[in-house]
Amino acid sequence: MTIAAHPQAVRPLKKRIAVASEPYLYSAPALILIITVMLVPLALGISYAFRDIQLLNPLSGGFIGLDHFRALSEDQAFFRALRNTLWWTGASVFLQFLFGLILALLLDKPFAGRGIAQALVFLPWAVPSFLAGLNWAWLFNPVIGPLPHWMYALGIMDAPNNILSDPHLAMWGPIVANVWWGIPFFAITLLAALQAIPRDLYEAASIDGAGPVQRFLSITLPFLAPTIAITILLRTVWISNFADLIVVMTNGGPADRTQIVASYIFTQAFKRLDFGYASAIALVLLVLLLAYSMLIVLLRQTLLNKG
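Just so it is clear, the model here is predicted, and its values are computed rather than measured.

## Quick word on unusual backbone geometry
Then step 1. Note the cis peptide between glycine 253 and proline 254, where omega equals -5°.
Then step 2. Looking at the element boundaries, proline 254 is found in the loop between α11 (244-249) and α12 (261-270).
Then step 3. At leucine 273, a position not held by glycine, the phi torsion is positive, near 60°.
Then step 4. Relative to the assigned elements, leucine 273 resides in the loop between α12 and α13 (275-306).

## Some words on the pattern of salt bridges
Then step 1. For the coordinates displayed, the defined rule picks out three salt bridges.
Then step 2. One salt bridge in this structure joins arginine 80 and aspartate 256, with 3.8 Å as the shortest N-O distance. Placement of arginine 80 in helix α4 (residues 76-107) and of aspartate 256 in the loop between α11 and α12 is noted, with a sequence separation of 176 residues between them.
Then step 3. Residue class for aspartate 256 comes out partly exposed when judged on its relative accessible area of 31%.
Then step 4. Taking the shortest distance from any N to any O, the salt bridge between arginine 199 and aspartate 108 comes out at 3.0 Å. Residue arginine 199 is located in helix α9 (residues 199-207), and its partner aspartate 108 is located in the loop between α4 and α5 (114-122); the two are separated by 91 residues in the primary sequence.
Then step 5. Judged by its relative accessible area of 37%, arginine 199 is partly exposed.

## Some points on helix α6 (residues 129-140)
Then step 1. An ideal rise of 1.5 Å per residue puts 16 Å on twelve residues; α6 measures up with 16 Å between its terminal C-alpha atoms.
Then step 2. Buried residues in α6 make contact with α7 (147-153), α8 (172-195) and α11.

Reading the values: rules and limits
- Residues numbered from 1 in each chain as written.
- Predicted model: local features only at pLDDT ≥ 70, side-chain atom pairs only at ≥ 80, totals over all residues.
- Heavy atoms only, no water.
- Helix = DSSP H or I, 4+ residues; strand = E, 2+ residues; numbered from the N terminus.
- Salt bridge = Lys/Arg side-chain N within 4 Å of Asp/Glu carboxyl O.
- Buried < 20%, exposed > 50% of the residue type's maximum accessible area, 1.4 Å probe, protein only.
- Expected span 1.5 Å × (residues − 1).
- Contact = heavy atoms within 4.5 Å.

Right, dumping it as structure tokens:
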């Protein structure tokens, strides 16, 4: 008596290959799109950092190795932009998170008209950043805007001047605009995380005599910690690369006091037309943000493991 061959063994080779490659064929369009739209431009941008790419120089384009990075190590304007980036990013993220958390805690409580309040809170997120920059630049203008006159009336300023032209105060203009524009991101994500916390935990804590502050520290904050970590990571990366408000409101001035790394890249690439040097700056910023992202991801994983 002969043993019948296994169906898999007698299946034609082409059919077995087709069945094995079927998952890859389904994912191929997405992979091709990602490679074409993201990876290819990224590889080209990295290659530009090691080449002399100047649009006004027809003889440029050759490989120059690490020359851009040597020049960058002596570029005081870059280090000033890096310090400004730390200030711009840190202040913006901290204030956005603080006000976003406060709004999320308020909107988590039921009250009359909560739906309208949520719509009004989330409205700034729908405004284009370019338009937001123009609006805030007008608001800070003492000729057509009210803010300098209000701050003068409150004693905050000695005269109704435009803070965007003051080297010591200019950075606060884009920061205020960025905080107003970015608060809804934290409010939306933190509100969703708050609504996922089991309510019986708060009831049990109240029965045990825990006050509002104790409930916040022992229940709300631990549950929000992973969400806080990932939202701060995302906003930090976005704001570090976000030059729209800077370019629209101050264009990096006065005297480069509001020039951040992202706007400095824009200046080198589209004003001085030196794409090689701009790519080198962008590559440095990419490495710094990747290192920061890894630290935040490790912190979030640690918080999840403890939870």
